[in-house]
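Inside the fold
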Number of protein chains: 2
Amino acid sequence: VPFIQQVENLSHESLIRRASSMVTDSANTYLSQTTQALVDSITQYAKALHTLIALQRRYLASLGKLSTAEEDAIWQVIIGQRVEVGDRLDECNRFESNWINAINLCEMAAEAAYNTGAEHASVTAKTNLQVAKVQVEEVRQISVDAERKLAETQAEEIQRMAEYASFIESGGDDVHEAYLRED
Amino acid sequence: VPFIQQVENLSHESLIRRASSMVTDSANTYLSQTTQALVDSITQYAKALHTLIALQRRYLASLGKLSTAEEDAIWQVIIGQRVEVGDRLDECNRFESNWINAINLCEMAAEAAYNTGAEHASVTAKTNLQVAKVQVEEVRQISVDAERKLAETQAEEIQRMAEYASFIESGGDDVHEAYLRED
């Protein structure tokens, strides 16, 4: 009887250890997929921001040089790009929520694997967690830089618009307005 | 370009959904293994308790009827059975810790699956969680009943030993004193 019991115990523990390794493996895959999605979506968001920055700079550079119709056209493009930036940010947030779920699942699976004696699975999961966090941190830095640049461009735009408005008020004519683009 | 982007998004979401389903599946397996192990270990613990109860009742029933050597022998068996009960309880606690990890993992995986749109996987996991909790609750009730019965037997033992002691004091013979050592 003690022999049979021992075999039963080994069996339970070994089945639990295997099942726990399986959870860790699938959590790794889930983390890998969500990390890739989040990294891609942040990259797309940063690209959309850079496009918006370029459009706004082009608008500032052409201040006073375009007809009302041309200016309207540029503004339509800028507004469209702002919508695009917002959509990209929504996507980032959606994938980030999946990614955070994956991080939590992976941490819990690594802990559970360690407790069942599946140390290799636990170490692998912890390594993957580190790599995923670094990857996301790096790409996030790129989007933070782009957001900072956009804020700078918008501050510049406000200043330039104010200067342009006071120039108009002080009696500048349409031809002279053009000098502003050299600023 | 919008077409390619759309395909990329679908792909990310579909890969995440699949990976999340995989985590849910493996968490279900892990829960199933830990539930089986916990149910078995609680059953064994309850059996060990019932054996201990039977031994203590046999000891009480034979009070004053056995030689010192026979009583020592019974006490050795009772002490051995108490160690067995303790070992079984340790095993229950070990498997319970795995089981709680599995419950938490399964709940988190079900939530994550729901958020990725893997609703079937989420519903399955939640059903499994319910079944696992009911199974453990049922077998736990059996061990709680056994613990209550043991406490009753021990209370009865204390009372019987006290009655026996006062019987000895009021003129019982020397042979019977031997049984009081174990009080």
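Refer to the structure above for everything that follows.
Fair warning: this is a prediction, and the values are worked out from it, not measured in the lab.

1. Remarks on the overall build of chain A
On a plain count of helices and strands, chain A comes out with three helices and zero strands. Written out in order from the N terminus, the α and β elements of chain A read α-α-α. The proportion of buried residues among the 183 residues of chain A is 40%. Look at the contacts in chain A between residues 6 or more apart in sequence, and 79% of them connect residues 24 or more apart.

2. Quick look at the interface of chain B and chain A
With 34 residues of chain B in contact, the opposing surface of chain A contributes 34 residues. The junction of chain B with chain A conceals about 2900 Å² of combined surface from both sides, 64% of it contributed by carbon and sulfur atoms. Linking chain B with chain A are two salt bridges. Taking the shortest distance from any N to any O, the salt bridge between arginine 94 of chain A and glutamate 13 of chain B comes out at 2.9 Å. In this assembly, chain B and chain A are joined by five residue pairs in polar contact (both at pLDDT 80 or more). Looking at the side of chain B that touches chain A, the element that brings in the most residues is helix 1 (residues 2–61) of chain B, giving 20 residues. Considered class by class, the residues forming the side of chain B that touches chain A number 13 nonpolar, 15 polar and six charged.

3. Overview of the relation of the copies chain B and chain A
Superposing chain B onto chain A takes a rotation of 179 degrees combined with a translation of 0.0 Å along the rotation axis, leaving an RMSD of 0.1 Å. Expressed as a symmetry operation, the mapping of one chain copy onto the other fits a two-fold axis. Across chain B, the rotation axis passes nearest the C-alpha of valine 23 of chain B, at a separation of 3.0 Å. In this assembly, 100% of the residues forming the interface of chain B have copies in chain A that are likewise at the interface, indicating an isologous arrangement.

Conventions we followed
Residues numbered from 1 in each chain as written. Chains lettered and ligands numbered in written order. Predicted model: local features only at pLDDT ≥ 70, side-chain atom pairs only at ≥ 80, totals over all residues. Heavy atoms only, no water. Helix = DSSP H or I, 4+ residues; strand = E, 2+ residues; numbered from the N terminus. Buried < 20%, exposed > 50% of the residue type's maximum accessible area, 1.4 Å probe, protein only. Contact = heavy atoms within 4.5 Å. Buried area = accessible area lost by both parts, 1.4 Å probe. Salt bridge = Lys/Arg side-chain N within 4 Å of Asp/Glu carboxyl O. Polar contact = N/O pair within 3.5 Å; in protein donor to acceptor, adjacent residues only side chain to side chain. Nonpolar A, V, L, I, M, F, W, Y, C, P; charged D, E, K, R; others polar. Least-squares fit on C-alpha atoms with pLDDT ≥ 70 in both.

It is worth stressing that arrangement in space is one thing and function is another; only the former is reported here.
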